[in-house]
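# Architecture and fold: a report
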Amino acid sequence: QVQLVESGGGLVQAGGSLRLSCTASGRTFSNYAMTWFRQAPGKEREFVATISRGGGSTDYADSVKGRFTISRDNAKKTVYLQMNSLKPEDTAVYYCAAGYDRHIINYWGKGTLVTVSS
């Protein structure tokens, strides 16, 4: 089993920045690709960013490309999402997930709320 705990969410003004963290406990963190998803009020959950097991490969949703950066520290069992130039449409609950890749998810965190005011 892997337990994932997100942190770092909060209220920020448009144009601001936040860094989300997701720390894992349990089985070997480095065995899993890590992915961030988000779910805005009244919308379906959507892919945000993913990073490979070793951190050498990343991919982003078009809506966040150039503004968000995903990274990981396997020694700390933590994945990060640096979010810059935030927009009100980035408001959502952000979830981290562990799995084979972004499509095959084994474990989910409970989420952290990000609210961007205009």
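A brief structural summary. Remember, predicted model here, so these are calculated numbers, not experimental data. Along each chain, residues carry numbers from 1 onward, in the same order as the chain's sequence is written. Only residues with pLDDT of at least 70 get local features here, since the model is predicted, and only at 80 or more are side-chain atom pairs given and counted; chain-wide, interface and lining totals rely on the full set of residues. To obtain the side-chain values, all non-hydrogen atoms of the structure were included, while hydrogens and water were left out.

### Structural notes on the overall build of the protein chain
For helices the rule is a DSSP run of H or I covering at least 4 residues; for strands it is a run of E covering at least 2, with both sets numbered from the N terminus onward. Secondary structure summary: the protein chain contains 0 helices and 11 strands in total. N-terminal to C-terminal, the α/β element order of the protein chain is β-β-β-β-β-β-β-β-β-β-β. It is over C-alpha atoms that the radius of gyration is taken, and the globule rule equals 2.2 Å times the number of residues to the power 0.38. What you see for the protein chain is a C-alpha radius of gyration of 13 Å, in line with the 13 Å of a compact globule of 118 residues. Along the longest, intermediate and shortest principal axes, the C-alpha atoms of the protein chain span 40 × 25 × 25 Å. Partly exposed residues are those whose accessible area sits between 20% and 50% of the maximum for their type, while under 20% is buried and over 50% is exposed, using a 1.4 Å probe and protein chains only. Looking at the 118 residues of the protein chain, the share that counts as buried comes to 43%. By the convention used here, residues are in contact when the closest approach between their heavy atoms is within 4.5 Å. A separation of at least 24 residues holds for 55% of the contacts in the protein chain among residues at least 6 apart in sequence. The average position of the 14 basic charges and that of the 9 acidic charges among the side chains of the protein chain differ by 6 Å. The charge count treats Lys and Arg as positive and Asp and Glu as negative. His and the chain ends do not count. Note that the charge is assigned to NZ on lysines, CZ on arginines, CG on aspartates and CD on glutamates.

### Concerning the state of the cysteines
Criterion for a disulfide: a pair of cysteine sulfur atoms within 2.5 Å. Summed over the entire model, instances satisfying the criterion amount to 1 disulfide. With its sulfur 1.8 Å from that of its partner, Cys 22 forms a disulfide with Cys 96. Linking Cys 22 in strand E3 (residues 18-26) with Cys 96 in strand E9 (residues 92-99), this pair joins segments that are 74 residues apart in sequence. Relative accessible area serves as the criterion here: at 0%, Cys 22 is assigned to the buried category.

### Quick look at the pattern of salt bridges
Definition used for salt bridges: Asp or Glu carboxyl oxygen within 4 Å of a side-chain nitrogen of Lys or Arg. Scanning the entire structure with this criterion turns up 5 salt bridges. Between Arg 38 and Asp 90 there is a salt bridge, with the nearest N and O atoms lying 2.9 Å from each other. You can see Arg 38 sitting in strand E4 (residues 33-39) and its partner Asp 90 sitting in the loop between strand E8 (78-83) and E9, a full 52 residues away along the chain. Of the two residues, Arg 38 and Asp 90, both sit in the buried class. As a salt-bridge pair, Lys 65 and Asp 62 come within 3.2 Å of each other at their nearest N and O atoms. Through salt bridges that share partners, Arg 38, Glu 46, Arg 67 and Asp 90 make up one connected network.

### A closer look at the pairing of E4
Side-chain direction in a regular strand flips from residue to residue, so the side chains alternate between the two faces of the sheet. Most of E4 is tucked away, with 6 of its 7 residues classed as buried. Here E4 pairs with E9 via 7 bridges, running antiparallel. Bridge assignment links Trp 36 to a residue of E9, and that residue is Cys 96. By the convention used here, strands pair only if DSSP detects at least 2 bridges between them. Bridge count for E4 against strand E5 (residues 46-51) is 5 bridges, and the pairing is antiparallel. In the strand pairing of E5, Met 34 is matched with Ile 51. Taking the residues between adjacent antiparallel strands as the criterion, E4 and E5 are bridged by 6 residues, where Gly 42 takes a positive phi near 75°.

### Describing the pairing of strand E1 (residues 2-7)
A one-sided burial pattern is seen for E1, the buried positions being Val 2, Leu 4 and Glu 6 and the unburied ones Gln 3, Val 5 and Ser 7. Two elements, E1 and E3, share 6 bridges in a ladder whose sense is antiparallel. What sits directly across from Leu 4, in E3, is Ala 24.

### Observations concerning the side chain of Thr 112
By secondary structure assignment, the location of Thr 112 is in strand E11 (residues 112-117). Assessed through its relative accessible area of 11%, Thr 112 is described here as buried. Polar contact criterion, stated in full: a pair of N or O atoms within 3.5 Å, where within protein one must be able to donate a hydrogen and the other to accept it, and residues adjacent in sequence count only if both atoms are side-chain atoms. Among the polar contacts listed, one links the side chain of Thr 112 to the backbone nitrogen of Gly 9, at a separation of 3.2 Å. Not counting residues within four places of it along the chain, the set of residues in contact with Thr 112 comprises Glu 6, Ser 7, Gly 8, Gly 9, Leu 20, Ala 92, Val 93 and Tyr 94.

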